Amino acid sequence: MTGKTHWAVGTAAALCAARPTELREWVLCVSAAAVGSVISDIDVTTSDSRETLNRITAVAVLAAAAAGIAELWFHLGICLLYTSPSPRDTERS
């Protein structure tokens, strides 16, 4: 099967099984189904899924490296954003 066939069948099966009622549930269901249905071809070196994953991985690694370098050079406080409580958490207290 091609990647498009995997995606179509996987998404249809997920929508039939999950039966989402709200837009948020529908988006989550379709997103998870899209990833799950094409990930089966990831071990094939010539598949589009593998090429896409390689690109996503490269972009993620480069973005993380750029953020780390920016944090070291400019002291932006990126790490503090992850460790400090959010304003919503302090409002609930």
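Whatever comes next refers back to the structure up there.
These remarks concern the structure in this document. These numbers come from a predicted model, not from an experiment.

### Some details on the environment of Ala13
Locating Ala13 in the fold gives a position in helix α1 (residues 3-18). Through-space distance from the C-alpha of Ala13 to that of Ser37 is 9.8 Å; in sequence the pair is 24 residues apart.

### Considering helix α3 (residues 48-74)
Taking 1.5 Å per residue, 27 residues should reach 39 Å; α3 reaches 38 Å between its end C-alpha atoms and fits that length. Taken together, the buried positions of α3 are occupied by Ser49, Ala70 and Glu71. Buried-residue contacts for α3 involve α2 (23-38) and α4 (78-83). Two residues or fewer after α3 comes His75, characterised by a positive phi angle close to 50°.

### Quick word on the environment of Ala32
Of note, Ala32 is situated in helix α2. Taking C-alpha positions, Ala32 is 15 Å from Lys4, a pair spaced 28 residues apart along the chain.

### Considerations on the packing of aromatic side chains
Throughout the structure, instances matching the rule amount to one aromatic pair. When the centroid spacing of 6.5 Å and the interplanar angle of 90° are considered together, the rings of Trp73 and Phe74 count as edge-to-face.

### Remarks on unusual backbone geometry
Phi at Arg19 takes a positive value of approximately 50°, unusual for a residue other than glycine. Even without a glycine there, the phi angle at His75 is positive, about 50°. For His75, the location among the structural elements is in the loop between α3 and α4.

### Some words on the packing of α1 against α2
Between α1 and α2, the least distance of the axes is 8 Å, while the angle of their chain directions is 140°. It follows from the interaxial angle that α1 and α2 lie oblique. Judged by the twist between their axes, the crossing of α1 over α2 is right-handed. Contacts from Gly3, His6, Trp7, Gly10, Thr11, Ala14, Leu15 and Ala18 in α1 reach Trp26, Cys29, Val30, Ala33, Ala34, Ser37 and Val38 in α2. Its residues assigned to classes, the contact of α1 with α2 comprises 10 nonpolar, five polar and no charged.

Parameters and conventions
Residues numbered from 1 in each chain as written. Predicted model: local features only at pLDDT ≥ 70, side-chain atom pairs only at ≥ 80, totals over all residues. Heavy atoms only, no water. Helix = DSSP H or I, 4+ residues; strand = E, 2+ residues; numbered from the N terminus. Expected span 1.5 Å × (residues − 1). Buried < 20%, exposed > 50% of the residue type's maximum accessible area, 1.4 Å probe, protein only. Contact = heavy atoms within 4.5 Å. Phe/Tyr/Trp six-rings, centres within 6.5 Å; stacked < 30°, edge-to-face > 60°. Axes fitted to C-alpha atoms, helices over the stretch in contact; angles between N-to-C directions. Parallel < 35°, antiparallel > 145°, perpendicular 65-115°, else oblique. Left-handed = near helix turned anticlockwise from the far one by under 90°. Nonpolar A, V, L, I, M, F, W, Y, C, P; charged D, E, K, R; others polar.

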